[in-house]
Amino acid sequence: MQTISNRTAVTGIGWTAFARSIDRSVLGLATEASLNAINDAGLTTADIDGVVTYFHNQDSIAPRQLVQALGLEDCSFQVLSALGGGWACAAVASAAMAIHAGVCKNVLVFRAMKGNSERTGPAKIAAGEDQWAKPFGISHAAARFGPHVTAHMDRYGTSSLDFAHLAVSQRDHARLNRKAMMTSPMTIADHQASPWLIHPFRLFDCCLRSDGAVAIVVSAADRAQDTRHGPVYIRSMMGGTLGHQHGTLHADGLWQLYAKRAAQKLYAGADMTPADIDFAELYDPFTGICLMHMEGFGLASEGEAAARVRAGDTGLDGAIPMNTHGGLLSEAYNHGLGHVVEAVQQLRPGGVIDDFCEHDHDHDRAHCRQVRDAKVGLVCGECGDSSLILTSGL
Amino acid sequence: MSAPTLPNPDADSLPFWDGCRAGYLSAQKCPSCERFRWPPSEFCPFCHHHGGDWTTLPGTGTIRSFVIVDRAFDPGFVDRVPYVVAHIALDGADGVNIISNVLIEPADAVAIGQRVMVEFVDTGTIALPQFRPV
């Protein structure tokens, strides 16, 4: 087990609305989500003594800007990462480490962006590692991730139709999520009729672009009993990566991502196996990549994730409910912190708060997205570069 | 063609781009452990020997994977849609895989396992490697 296991917990979650265009500043969105998370924890800004955030192509603010906006007087540690969606769970891990080290008591983790209305782009030069990709027309993430999926399709026979089943499943989940952006029904035929973007990806294989912010509060587990909802325990964490960008230049099989390596250490750090996972919120920039994450983390055998999805195993009543909020494909593009929030919602004693259940959860899938007996949740960032196992109890 | 973003050669990669200008692909072979490395680097990533011998390669290779870009997101490639971006394992340099374009008509005739050969496109300052099926 990791020595940090069960020593820290997520105690607060908050978000703004998600939309194609929000006419407010990134700082304003970050502040709102953060205040919501702090309030959700039953804490005040005076209790926050650490701030962690991450961005991609400099599309967000530095932690100190939020320190100023929240009037934090006592910030002991800040972390800013440029590593984007791969770092989503490492952001939580960073907060946990600061607490476990005794440097901080309650750390705010946020991700705020105007990912659709104010798209930042990479620099218009091809320097450093970019000189091996940009001159050849790779400017969309689909062109960077696509070769992994093409190789997976070639090796295992995964198909565009398989991707359709995943997209439809996640759209069904999003329709039970009050904050989800995409809630109109999607059929297999709709997916197959959507235009090719960058083969093997159609439009409906690709995640959304959106504006909005998400925040969570991480606290010491032995102080979390005093918070409003109590602790969701962080049992295991990983935050490494393959040396090459997306493993694109890796000599080993392109059909595997870092997830496969991370999984071994994540489960060992939790003293668990994939069989212990009740549900999973797996980074879904593209349908095909999400399937590879399932396999990487042992929730399906190599090449078998598509079959599990087709069989309904990843539905809310399936053996391994997945992306129960709709994910990046249908909830919003919040760079993976939304996956952490969903896991926490599922694991809390009162369960999910923003589906359409009026009172207690009845698991009627016309209005309820609460997973039955959710005790252990897996969350991962892009390529499985970072991951967490969260639990409802010890 | 509309202009792609040109690479910025640096201290590590300049010999590669000079080789392209002279009409050949090359990669570093470690004089100590004899393994090829990519991307170019001062130190061997396997044995950490400082230095690498630039070795001329035959210019042929095999497609390991690819995408077909149907919608232009890169301004420099607007008039090339649909175009192929591929990962190519280079002959003569075990483990060296580079990213490039495969010039093939129609674009969806590209396949994993296809054999390809380099040709260089002169952009004025840089000679960009591109590949064609053989």
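For the structure, see preceding data.
Residues numbered from 1 in each chain as written. Chains lettered and ligands numbered in written order. Predicted model: local features only at pLDDT ≥ 70, side-chain atom pairs only at ≥ 80, totals over all residues. Heavy atoms only, no water.

Q: Describe the interface of chain B and chain A, listing the residues and the values that go with them.
A: Taken residue by residue, the interface counts 36 residues in chain B and 35 residues in chain A. Of all residues in chain B, Thr 5, Phe 73 and Ile 99 of chain B bury the most surface against chain A, accounting for 20% of the area lost on that side. Remark: the boundary between chain B and chain A carries 14 residue pairs in polar contact (both at pLDDT 80 or more). Listing elements by their share of the side of chain B that touches chain A, those giving two or more residues are helix 1 (14-21), strand 4 (60-69), strand 5 (83-90), strand 6 (97-102) and strand 8 (127-133) of chain B. The element best represented in the side of chain B that touches chain A is strand 4 of chain B, accounting for six residues. When grouped by side-chain class, the residues that make up the side of chain B that touches chain A number 21 nonpolar, 10 polar and five charged. Pairing analysis gives two bridges linking strand 5 (residues 196-199) of chain A to strand 4 of chain B, with the strands arranged antiparallel. Bridge pairing links His 199 of chain A to Ile 68 of chain B in strand 4 of chain B. (Contact = heavy atoms within 4.5 Å. Buried area = accessible area lost by both parts, 1.4 Å probe. Polar contact = N/O pair within 3.5 Å; in protein donor to acceptor, adjacent residues only side chain to side chain. Helix = DSSP H or I, 4+ residues; strand = E, 2+ residues; numbered from the N terminus. Nonpolar A, V, L, I, M, F, W, Y, C, P; charged D, E, K, R; others polar. Pairing = 2+ DSSP bridges.)

Q: So what's going on with helix 1 (residues 26-40) of chain A? Which residues, and what values?
A: Residues spaced three or four apart along an α-helix face the same direction, because each turn holds 3.6 residues. Between its first and last C-alpha atoms helix 1 of chain A spans 21 Å; for 15 residues at 1.5 Å apiece the expected length is 21 Å, and the two agree. Along helix 1 of chain A, the positions that sit buried rather than exposed are Val 26, Leu 29, Ala 30, Thr 31, Ala 33, Ser 34, Ala 37, Ile 38 and Asp 40 of chain A. (Expected span 1.5 Å × (residues − 1). Buried < 20%, exposed > 50% of the residue type's maximum accessible area, 1.4 Å probe, protein only.)

Q: Can you break down the sheet that holds strand 1 (residues 26-29) of chain B residue by residue, with the values?
A: Residue and element names in this part refer to chain B. If you walk across this open sheet you meet the three strands as 2-1-3, and the pairing is antiparallel. The sheet is open, and its two borders are formed by strand 2 (36-37) and strand 3 (53-56), each paired with just one other strand. As defined by bridge partners, strand 1 adjoins strand 3 across four bridges and the pair is classed as antiparallel. The partner of Ala 27 across the bridge, within strand 3, is Thr 55.

Q: Kindly report on the pattern of salt bridges, identifying the contributing residues and their values.
A: Residues and elements named next belong to chain A. Summed over the entire model, instances satisfying the criterion amount to 17 salt bridges over all chains. Among the salt bridges present, the one from Lys 114 reaches Glu 118, with a minimum N-O distance of 3.3 Å. Assessed through its relative accessible area of 7%, Lys 114 is described here as buried. Measuring nitrogen to oxygen at the nearest pair gives 2.7 Å for the salt bridge that ties Glu 342 to Arg 369. Taken together, the positions of Glu 342 in helix 11 (residues 337-347) and Arg 369 in the loop between helix 11 and strand 10 (376-380) put the pair 27 residues apart, joining distant regions of the chain. Each of the two residues, Glu 342 as well as Arg 369, counts as buried. Sharing partners across several salt bridges, the network here consists of Lys 179, Glu 331, Glu 342, Asp 354 and Arg 369. (Salt bridge = Lys/Arg side-chain N within 4 Å of Asp/Glu carboxyl O.)

Q: Tell me what's going on with the packing of aromatic side chains, and back it up with residues and numbers.
A: Inspection of the entire model under this criterion finds nine aromatic pairs over all chains. Aromatic side chains Phe 77 of chain B and Tyr 83 of chain B sit 4.7 Å apart centroid to centroid with 35° between the ring planes, which places their arrangement in the tilted category. Note on Tyr 83 of chain B: relative accessible area 5%, which makes it buried. A connected cluster of aromatic rings, assembled from ring pairs, spans Trp 132 of chain A together with Phe 16, Trp 17 and Trp 38 of chain B. Positioned above the aromatic ring of Tyr 54 of chain A is the side chain of Arg 111 of chain A, whose terminal nitrogen or guanidinium carbon lies 5.4 Å from the ring centre. Directly above the ring of Trp 196 of chain A sits Arg 202 of chain A, whose terminal nitrogen or CZ lies 4.0 Å from the centroid. (Phe/Tyr/Trp six-rings, centres within 6.5 Å; stacked < 30°, edge-to-face > 60°. Lys NZ or Arg CZ within 6 Å of the ring centre and 35° of its normal.)

Q: I'd love a proper account of empty space enclosed by the protein, names of residues and values included.
A: All told, the structure shown has two cavities of 30 Å³ or more when counted by the stated rule. Of the voids in this model, the largest cavity is the one considered here, and its volume is about 70 Å³. In terms of lining, the largest cavity is formed by His 152, Trp 255, Gln 256, Leu 257, Ala 259, Lys 260, Met 292, Glu 295, Gly 296 and Glu 302 of chain A. Where the lining of the largest cavity is concerned, the elements lending two or more residues are helix 7 (259-270) and helix 8 (287-296) of chain A. Counting residues per element, the lining of the largest cavity draws most heavily on helix 8 of chain A, at three residues. A breakdown of the residues in the lining of the largest cavity according to their chemical character gives four nonpolar, three polar and three charged. Empty space within the second largest cavity amounts to approximately 40 Å³. Around the second largest cavity sit Trp 132 and Phe 136 of chain A together with Phe 16, Trp 17, Trp 38, Ile 98, Ile 99 and Pro 129 of chain B, which together line it. When contributions to the lining of the second largest cavity are tallied by element, the ones reaching two or more residues are helix 1 and strand 6 of chain B. Its residues placed into classes, the lining of the second largest cavity shows eight nonpolar, no polar and no charged. (1 Å grid on protein atoms, 1.4 Å probe; cavity = no way out; pocket = protein on both sides within 12 Å on 5 of 7 lines; lining within 4 Å. Points joined across faces, edges and corners; volume = space filled by probe spheres on them.)

Q: Break down the pairing of strand 5 of chain A for me, citing the residues and quoting the values.
A: On any regular strand, side chains alternate: one points to one face of the sheet, the next to the other face. Inspection of the sheet shows strand 5 of chain A paired to strand 6 (residues 201-202) of chain A by two bridges, in the antiparallel sense. For Trp 196 of chain A, the partnering residue across the bridge sits in strand 6 of chain A and is Arg 202 of chain A.

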